[in-house]
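As a plain string of letters, each chain reads:
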Amino acid sequence: MIRLLLVCVYSIGAHAETLATGFNHACAVLPVGTVWCWGWNNRGQLGNLALGTQDQSTTPVQVDTITNVTSVSLGYEHSCALLGNSTVWCWGANSHGQLGNNDTATSVAPVQVSNITTATSISLGSVHSCTLLTDGTVKCWGYGRSGELGNGNIIDHLAPVEVLNITNATSIALGGDHSCAVLTDGKVKCWGRNEYGELGDGTTNDRTTPVEVSGLIVAFLPPPPPPNATAVPTSCSSSATGGN
């Protein structure tokens with residue numbers, strides 16, 4: 001006999017719309033725009049004032065003081081949320097400025113990232129954070145000693161700095177100590193730590209500014225035909241493969 005074990009996160013009381021996981025914590029955004037988090041909490045990364053920095057919560061607790069949240073992203077010991085008004089708010093560990101509020105103090109309560117009012121998406125690394133803006137530029141903050149902030153130097157920044165030579169990004173994604181962006185032409189550029197070749201540029205050299213991932217073949221599907229069209233393409237293909 002096969003037995004199925006169903007494990008559910010409980011006490012949220014509604015369906016989650018989006019979900020993010022960090023090193024040892026997780027958060028969900030509900031349809032009403034609130035955020036609920038659970039797991040490790042040694043730096044207040046669950047964002048609940050009553051819980052403070054107690055070590056953990058085995059059930060979801062609500063992040064205090066923020067609503068109208070559209071998405072969340074989590075790092076090692078910090079968390080950030082994108083709000084419907086295009087601002088970004090972060091909470092948790094802040095020893096390297098990863099909350100982006102021009103400070104290094106840990107904050108259980110969400111704090112607003114400085115000078116960000118046109119954000120469209122967010123992504124977090126271990127100890128750094130980045131946001132994509134409506135104009136296609138990217139700004140990052142926090143730990144920068146491997147070049148993961150992309151602004152040409154290897155120092156931490158307590159407030160957002162602009163990634164150099166990126167003006168047409170459509171999405172971003174962060175790893176532990178590196179960052180990447182997809183551009184409107186389908187190319188991918190990355191920056192930061194490269195010890196294991198994670199920047200994809202054929203080297204193991206850290207980069208303080210974006211470099212293009214080499215060997216990606218970019219192809220685009222044609223647009224769909226009009227609703228009443230009688231002729232449609234007989235075959236199409238799209239691929240992204242590695243090569244020399």
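It should be noted that the structure appears before, not after, this text.
All figures in this text were calculated on a predicted structure; none of them were measured in a lab. (Residues numbered from 1 in each chain as written. Predicted model: local features only at pLDDT ≥ 70, side-chain atom pairs only at ≥ 80, totals over all residues. Heavy atoms only, no water.)

(A) Region of interest: the overall build of the protein chain. Looking only at helices and strands, the protein chain has 0 helices and 16 strands in total. Out of the 244 residues belonging to the protein chain, those deemed buried represent 46%. In the protein chain, of all internal contacts separated by at least 6 residues, the share reaching a separation of at least 24 is 42%. Carbon and sulfur atoms provide 53% of the accessible area of the protein chain, an area that totals close to 12400 Å². (Helix = DSSP H or I, 4+ residues; strand = E, 2+ residues; numbered from the N terminus. Buried < 20%, exposed > 50% of the residue type's maximum accessible area, 1.4 Å probe, protein only. Contact = heavy atoms within 4.5 Å. Areas by Shrake-Rupley, 256 points an atom, 1.4 Å probe, with all protein chains shown as cover.)

(B) How the structure looks around the packing of aromatic side chains. Taken as a whole, this structure holds 3 aromatic pairs when the rule is applied. A ring pair is formed by W40 and Y76, whose centres lie 5.9 Å apart and whose planes are at 90 degrees; its orientation type is edge-to-face. Taken together, the residues span a long stretch of sequence, with W40 in strand β3 (residues 35-40) and Y76 in the loop between β5 (69-74) and β6 (78-83) at a distance of 36 residues. Assessed through its relative accessible area of 24%, W40 is described here as partly exposed. On the basis of relative accessibility, which here comes to 32%, the residue Y76 falls in the partly exposed class. A network of ring pairs unites the aromatic residues F23, W40 and Y76 as a single cluster. (Phe/Tyr/Trp six-rings, centres within 6.5 Å; stacked < 30°, edge-to-face > 60°.)

(C) Region of interest: the nonpolar core. Counting residues in each nonpolar core, the largest one holds 16 residues, and the members touching the most others are V35, C37, I66, V69, V72 and A81. At the level of elements, β2 (25-29), β3, β5 and β6 are the ones that each hand at least two residues to this core. Residue contributions to this core peak at 3 residues, all from β5. Aside from chain neighbours lying at most four places away, what touches V72 is A20, C27, V29, V35, C80, A81 and I122. Residues C140, I166, L174 and L183 belong to the second largest nonpolar core, which totals 14 residues. (Core = buried A, V, L, I, M, F, W, Y, C linked by side-chain atoms within 4.5 Å.)

(D) The arrangement of the side chain of K189 in detail. Position of K189 relative to the elements: it lies in strand β15 (residues 188-192). One buried charged residue, K189, remains without a salt bridge, the closest side chain of opposite sign being E212 at 5.6 Å. Those residues in contact with K189, other than ones at most four positions away along the chain, are N165, I166, S179, C180, A181, L183, P210, V211 and E212. (Lys, Arg positive; Asp, Glu negative; His and termini not counted. Salt bridge = Lys/Arg side-chain N within 4 Å of Asp/Glu carboxyl O.)

(E) Inspection of the environment of Q98 at higher detail. Note that Q98 resides in the loop between β7 (88-92) and β8 (107-112). Judged by its relative accessible area of 3%, Q98 is buried. With 45 residues separating them in the primary sequence, Q98 and Y143 have C-alpha atoms 6.7 Å apart. Beyond its immediate chain neighbours, meaning those up to four positions away, Q98 contacts H78, A93, V127, H128, S129, W141 and G142. Reaching out from Q98, the side chain makes a polar contact with the backbone nitrogen of H96 at a distance of 2.9 Å. (Polar contact = N/O pair within 3.5 Å; in protein donor to acceptor, adjacent residues only side chain to side chain.)

(F) How the structure looks around the sheet that holds β6. If you trace the 4 strands from one edge of the open sheet to the other, you get β5-β6-β7-β8, paired in antiparallel fashion. Two strands bound the open sheet, and with one partner strand each, they are β5 and β8. Averaged over neighbouring strand pairs, the angle between their axes works out to 20 degrees when direction is ignored. The pairing of β6 with β7 spans 5 bridges and is classified as antiparallel. What sits directly across from L82, in β7, is V88. (Pairing = 2+ DSSP bridges. Axes fitted to C-alpha atoms, helices over the stretch in contact; angles between N-to-C directions.)

(G) Here's a closer look at the sheet that holds strand β9 (residues 119-124). Spatially, the 4 strands line up as an open sheet ordered β9-β10-β11-β12, and their pairing is antiparallel. At either end of the open sheet lies a strand with only one pairing partner, and these are β9 and β12 (157-162). Here the average twist between neighbouring strands, direction ignored, is 20 degrees. As paired elements, strand β10 (residues 128-133) and strand β11 (residues 138-142) share 5 bridges and run antiparallel to each other. Paired with C130 across the strands is C140, a residue of β11.

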